[in-house]
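Letter by letter, the chains look like this.
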Amino acid sequence: MYIELHACSSFSFLEGSSSPEELAAEAARLGYSALALLDRDGLYGAPRFYKACRETGIRSIVGAEISLPEGRLPLLVENRRGYRNLCRLITDLQLRSPKGEGRTSLEELGPLSEGLVCLTGGTHGPLRRRLDESFDSAYAYLLKLKQTMGDGNVYVEIQRHFDRRQERFNQALKALARKARLPLIAANGVRYASPSGRLLHDVLTCIRHHTTL
């Protein structure tokens with residue numbers, strides 16, 4: 001049974017167009033047993049998400065996309081220690097810089113990695129920029145990520161949206177995973193709960209990029 005492990009809500013400002021409740025309701029309708037919410041650099045939607053998942057009878061998995069200089073790193077909470085570490089990481093990030101501008105690093109993540117599971121992210125993930133440089137650069141970064149998070153806590157994320165450019169990226173990710181001996185995981189990088197949320201998402205995207213539809 002497929003479980004979506006990389007969804008974001010309207011609490012990811014200008015990036016998600018559905019509320020945590022809408023995401024939980026749609027996941028339940030589709031027969032999911034669980035759903036993960038990974039909003040950008042924050043856990044603002046987590047309480048509402050947890051409540052909505054309890055009401056719809058599915059398991060809530062909490063996490064966040066953490067901003068690094070080289071891209072966003074999706075982190076999933078595995079236990080209470082992981083939740084505390086993620087809260088500390090986000091707090092440190094927000095105290096350091098104005099909202100939306102904070103960046104952390106793998107060096108800072110290392111001491112707070114216990115209880116967290118890492119996905120490599122999609123096109124916004126750090127491997128995309130490294131692959132634009134070279135395969136060797138991406139491989140070296142993946143090994144560093146594996147060392148930071150620990151064995152068994154890193155998954156190479158594959159997303160598929162029927163885009164030829166993305167397919168080339170996915171083939172490179174598969175090769176990286178084989179070479180680094182890391183498992184693959186499928187996700188969709190969900191930004192809205194149903195097709196009706198697409199138009200609002202387009203408007204939010206235009207606002208974010210200061211352009212028009």
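Scroll up a little and you will see the structure.
If you're wondering where the values come from, they're calculated on a predicted model, not measured in any experiment. (Residues numbered from 1 in each chain as written. Predicted model: local features only at pLDDT ≥ 70, side-chain atom pairs only at ≥ 80, totals over all residues. Heavy atoms only, no water.)

A few points about the overall build of the protein
To keep it simple, the criterion reads: Here a strand is any run of E in DSSP of at least two residues, a helix any run of H or I of at least four, and the numbering for each starts at the N terminus. In this setup the radius of gyration rests on C-alpha atoms only. A globule is expected at 2.2 Å times the number of residues raised to 0.38. The classification of residues rests on relative accessible area computed with a 1.4 Å probe and restricted to protein chains. Under 20% of the type maximum is buried, over 50% is exposed, and intermediate values are partly exposed. Two residues form a contact once any of their heavy atoms are found within 4.5 Å. The protein chains shown are the only cover counted for residues, whose accessible areas, like all others here, come from Shrake-Rupley with a 1.4 Å probe. Only four residue types enter the tally: Lys and Arg on the positive side, Asp and Glu on the negative side; His and the chain ends are excluded. Lysine's charge is taken at NZ, arginine's at CZ, aspartate's at CG and glutamate's at CD.
A count of helices and strands for the protein gives eight helices and seven strands. For 213 residues, the compact-globule formula gives about 17 Å, and the C-alpha radius of gyration of the protein, at 17 Å, lands near that figure. Each of the three principal axes of the protein carries a C-alpha extent, and together these read 45 × 40 × 40 Å. Counting all 213 residues of the protein, 51% fall into the buried class. Residue pairs at least 24 apart in sequence account for 73% of intrachain contacts in the protein once pairs closer than 6 positions are excluded. Of the roughly 11200 Å² of accessible surface on the protein, 53% is carried by carbon and sulfur atoms. Each charge class in the protein was averaged separately, 30 positive and 24 negative side chains, and the resulting centres sit 2 Å apart.

Notes on unusual backbone geometry
Even without glycine at this site, D41 takes up a positive phi of about 55 degrees. Structurally, the position occupied by D41 is in the loop between β2 (34-40) and α2 (46-56). The backbone phi angle of H210 is positive, close to 55 degrees, even though this residue is not glycine. Tracing the sequence through the fold places H210 in the segment after α8 (198-208).

Remember, this is a structural readout, not a statement about activity or role.
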